[in-house]
Every structure is written in structure tokens, then in C-alpha cells.
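Chain and residue survey
Residue-level listing of the chains:
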Amino acid sequence: GESVGLHLPTLSVQEGDNSIINCAYSNSASDYFIWYKQESGKGPQFIIDIRSNMDKRQGQRVTVLLNKTVKHLSLQIAATQPGDSAVYFCAETLNTGNQFYFGTGTSLTVIP
Amino acid sequence: DSGVTQTPKHLITATGQRVTLRCSPRSGDLSVYWYQQSLDQGLQFLIQYYNGEERAKGNILERFSAQQFPDLHSELNLSSLELGDSALYFCASSVEEDREQFFGPGTRLTVL
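The text that follows walks through the structure, step by step, so that each part is easy to find. (Residues numbered from 1 in each chain as written. Chains lettered and ligands numbered in written order. Predicted model: local features only at pLDDT ≥ 70, side-chain atom pairs only at ≥ 80, totals over all residues. Heavy atoms only, no water.)

1. A word on the interface of chain B and chain A
It is common to give the size of an interface as the accessible area lost on bringing the parts into contact. With 22 residues of chain B in contact, the opposing surface of chain A contributes 19 residues. Summed over both partners, the interface of chain B with chain A comes to about 1700 Å²; 54% of that surface belongs to carbon and sulfur atoms. At the boundary of chain B with chain A, the tally comes to zero salt bridges. Put simply, chain B and chain A have three residue pairs in polar contact (both at pLDDT 80 or more) between them. When contributions to the side of chain B that touches chain A are tallied by element, the ones reaching two or more residues are strand S4 (31-38), strand S5 (42-50) and strand S6 (53-57) of chain B. No other element matches S5 of chain B, which puts four residues into the side of chain B that touches chain A. (Contact = heavy atoms within 4.5 Å. Buried area = accessible area lost by both parts, 1.4 Å probe. Salt bridge = Lys/Arg side-chain N within 4 Å of Asp/Glu carboxyl O. Polar contact = N/O pair within 3.5 Å; in protein donor to acceptor, adjacent residues only side chain to side chain. Helix = DSSP H or I, 4+ residues; strand = E, 2+ residues; numbered from the N terminus.)

And the structure:
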């Protein structure tokens, strides 16, 4: 029978361009956020995290921005490479840290 | 390689059966999380253990149970399996509860 999959937001970028992936989170009490990357057939891989007392955090080629006012998180990838093609998830948790809630993900395709 | 191991990698079974999935966390990590990832539900948190104690429950069915042993490895038991239980099951570990999680490669369960 026909299989039904998640309707993931998709983003296609040219190799070398910058990518911005957005995430709206649900709980204003969430205070810790993580971005994960999941390649086909693999488990999610940690990219970068940010706590609610920060607005911005930078890693290697990646930057996470947090806007608590509108409950919005974004992941910026500089100079996107073909190896960046994957599904990207944001995850939020309350200060207890016990439960992480994952967004549905965004599928990023890098065009060589 | 995240350092988290999961066995088996693939599991095919029939409806009504019971299976056990196993997870070994990264060395030194005390917290273990179980997630279910299916095509129509995304990544769903099931349950979390910290140093042998259950700390949080998410969308885990009563037919499912888990435990964390003194050596910190964890098992997820799925019983009275239904077709809808077919999914990828991920285990993740973290050194503390509000820290980044490292995911294993997952167990793909197929219920026929």
C-alpha cells in the first residue's frame, strides 16, 4: 500500500551559500535548546545548543539564534556543503532537563 | 560514532510478539533516553532513566516498558506488538539530564 510520510519543510541551497533553518518552539518555560542533524539511516547528531539566558551562540560554521519573545529558534549554516544535506531537528526542554521535545524537522538539500 | 551502541540493528517479528531492544550508553553517561521515530509521528520521547531510576515518561504505551541496569545499560521491552509499532527506536545518553544527548544508530523494528 501507499506509505504516508511526514510533510517535512524542505530547503534547497546552492553549495557555498548560507542556510537558515527555522524552528518555532511551543513552551515559553523551555530553557534549553538543541539542534540535531540526522542523515539518512543514522541517529540524530548533536550540532549546537543554547540556553535561554543567551540570544546567540556560535560554533564551527553554525550559529544558533534564540528569540524568546516569539519563541523562535534558528540555525544558520555558513558556506553550506554537500555533507550538510540532512534533516535538521530542533529540540526543547524545560529546566528539569528530563524530557526533550523534538520538532518535525527540516530537510536540507545542498545542490553542488 | 557517538559511542552509544544499540542491538540489534534490525528486528523483524510478528504481531502479538515481544521483543527486547538493548542500549549501552557512552562511557560515563548516567542518563539514558528512548525515542521512537516513525514516518507519521516524527521523533517521540518515550522514557528516560538516570543512574538506574526512571525520571521521565513521555508517549510510552503500557505495552512498552524499560529499565536501566546497575552497569547503566538499558533495555526497552515491547510486547503484544502491533503493526503500528514498526519504527526506528533510538537510544540516547547524556552525562547529566540537561545536557546534549548522544544518539545510537537505532534499531529498526518491523512488525509483520
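2. Some remarks on the pairing of strand S6 (residues 62-67) of chain A
Working note: regular strand, side chains alternate between the two faces of the sheet. Residues and elements named next belong to chain A. Taken together, the three bridges between strand S5 (residues 56-58) and S6 define a ladder with antiparallel strand orientation. The residue of S6 that forms the bridge with Arg 57 is Val 64. Taking the residues between adjacent antiparallel strands as the criterion, S5 and S6 are bridged by three residues, where Arg 61 takes a positive phi near 65°. Inspection of the sheet shows S6 paired to strand S7 (residues 72-77) by six bridges, in the antiparallel sense. Within S7, the residue paired with Leu 66 across the bridge is Leu 73. With antiparallel pairing between neighbouring strands as the criterion, S6 and S7 make up a hairpin whose turn holds four residues, including Lys 71 at a positive phi of roughly 55°. (Pairing = 2+ DSSP bridges.)

3. Examining the state of the cysteines
Here the structure, examined in full by the defined rule, presents two disulfides over all chains. With its sulfur 1.6 Å from that of its partner, Cys 23 of chain A forms a disulfide with Cys 90 of chain A. Linking Cys 23 of chain A in strand S2 (residues 19-24) with Cys 90 of chain A in strand S8 (residues 86-93), this pair joins segments that are 67 residues apart in sequence. Among the residues examined, Cys 90 of chain A registers a relative accessible area of 7% and is labelled buried. Two residues, Cys 23 of chain B and Cys 91 of chain B, share a disulfide whose sulfurs are 1.8 Å apart. Disulfide Cys 23 of chain B to Cys 91 of chain B: torsion about the S-S bond roughly -50°, handedness left-handed. Taken together, the residues Cys 23 of chain B in strand S3 (residues 19-24) and Cys 91 of chain B in strand S9 (residues 87-94) connect sequence positions 68 residues apart. Each of the two residues, Cys 23 of chain B as well as Cys 91 of chain B, counts as buried. (Disulfide = S-S within 2.5 Å. Buried < 20%, exposed > 50% of the residue type's maximum accessible area, 1.4 Å probe, protein only.)

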